[in-house]
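Observations on chain architecture
Next come the chains, spelled out residue by residue.
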Amino acid sequence: MTFDKWFEKQDRIVKIILLIIPFVGWVVEILVRISAVLRNASTTNILGLILFILLGGFWIPTLIDLIYFIVADKFLFYE
């Protein structure tokens, strides 16, 4: 699965738009994180996937991740 590579190739504004839409943002983050874990099973990627699956449905982690993404151009707990 190379969804994370596809996501990283997109323009910054496209990434932000994909993340800002509530359900779409959650699905995109899950797919990016699963793809990253399958490609590189580091502790950081696994921790990020587990935390986002457990807390991602509340939309607060998505909002925090969106703000972090806008500032740092990467996700929290993502390598």
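Structure first, text after, so check above.
Residues numbered from 1 in each chain as written. Predicted model: local features only at pLDDT ≥ 70, side-chain atom pairs only at ≥ 80, totals over all residues. Heavy atoms only, no water.

**Looking at the overall build of the chain**
Convention followed: Working definition: helices are DSSP H or I runs of at least four residues, strands are E runs of at least two. Numbering for both runs from the N terminus. The size measure is the radius of gyration over C-alpha atoms, and the globule rule it meets is 2.2 Å times the number of residues to the 0.38 power.
The helix and strand inventory of the chain stands at five helices and zero strands. Element order for the chain, N to C, with α for helix and β for strand: α-α-α-α-α. At 11 Å, the chain has a C-alpha radius of gyration in line with the 12 Å of a compact globule built from 79 residues. Summarising its shape, the C-alpha atoms of the chain cover approximately 25 × 25 × 20 Å along the three principal directions.

**Notes on helix H2 (residues 12-20)**
Quick note on the threshold: When a residue's accessible area, from a 1.4 Å probe over protein chains only, is under 20% of the maximum for its type it is buried; when over 50% it is exposed; and in between it is partly exposed. Each C-beta atom gives one direction from the helix axis, and the arc is the one those directions make. Working rule for contacts: check all heavy atoms of both residues, and any pair within 4.5 Å makes them a contact.
Buried residues of H2: Lys15, Ile16, Leu18 and Leu19, and no others. When H2 is viewed along its axis, its buried side chains cluster within an angular range of 160 degrees and face the same direction. Against the buried residues of H2 lie helix H1 (3-9), helix H3 (22-39) and helix H5 (60-72).

**Examining the environment of methionine 1**
Considering the arrangement of structural elements, one finds methionine 1 in the segment before H1. Sequence separation of methionine 1 and arginine 39 is 38 residues, and the distance between their C-alpha atoms is 7.7 Å. With sequence-adjacent residues up to four places away left out, methionine 1 is seen in contact with Leu31, Ile34, Ser35 and Leu38.

**Some points on the packing of H3 against helix H4 (residues 43-55)**
Packed helices, taken two at a time, are described by their axes: the angle between them and the distance between them. Here is the rule we go by: To obtain each axis, a line is fitted to C-alpha atoms, and for helices this fit is confined to the stretch in contact; angles are then taken between N-to-C directions over 0 to 180 degrees. Angles below 35 degrees are treated as roughly parallel, those above 145 as roughly antiparallel, those between 65 and 115 as roughly perpendicular, and all remaining angles as oblique. Take the far helix as your reference; a near helix turned counterclockwise from it by less than a right angle gives a left-handed crossing, and one turned clockwise gives a right-handed crossing. Gly is put with the polar residues, along with every residue not named as nonpolar or charged; the nonpolar set is Ala, Val, Leu, Ile, Met, Phe, Trp, Tyr, Cys and Pro, and the charged set is Asp, Glu, Lys and Arg.
Between H3 and H4, the shortest axis-to-axis distance is 9 Å and the interhelical angle comes to 150 degrees. If you check the angle between H3 and H4, you find them roughly antiparallel. The handedness of the crossing between H3 and H4 is left-handed. Contacts from Trp26, Glu29, Ile30, Arg33, Ile34, Ala36 and Val37 of H3 reach H4 at Asn45, Ile46, Gly48, Leu49, Phe52 and Ile53. Taken together, the residues of the contact of H3 with H4 break down into nine nonpolar, two polar and two charged.

**Let's talk about a nonpolar patch on the surface**
For clarity, the cut-off: Residues qualify for a patch when their relative accessible area is over 30% and they have no salt bridge, like charges being joined within 9 Å and the nonpolar side chains of Val, Leu, Ile, Met, Phe, Trp and Tyr within 5 Å. To be clear on the numbers: accessible area is Shrake-Rupley with a 1.4 Å probe, and residue cover counts the displayed protein chains and nothing else. For this document, the term salt bridge refers to a Lys or Arg side-chain nitrogen within 4 Å of an Asp or Glu carboxyl oxygen.
On the surface, a cluster of nonpolar side chains totalling about 600 Å² of accessible area is made up of Ile46, Leu47, Ile50, Leu51, Leu54, Leu55 and Phe77. Take leucine 47: it is sitting in helix H4. Residue leucine 47 is classed as partly exposed on the basis of its relative accessible area of 38%.

**Points about H4**
How we decide: Expected helix span is given by 1.5 Å per residue-to-residue step, counting one fewer step than there are residues.
Taking 1.5 Å per residue, 13 residues should reach 18 Å; H4 reaches 18 Å between its end C-alpha atoms and fits that length. Taken together, the buried positions of H4 are occupied by Asn45, Gly48, Leu49 and Phe52. Within H4, the buried residues cover an arc of 100 degrees as seen down the axis, which keeps them to one side. In H4, the exposed positions that point more than 90 degrees away from the buried face belong to Thr43 and Leu54. On its buried face, H4 is in contact with H3 and H5.

Coordinates in, geometry out; function isn't part of it.
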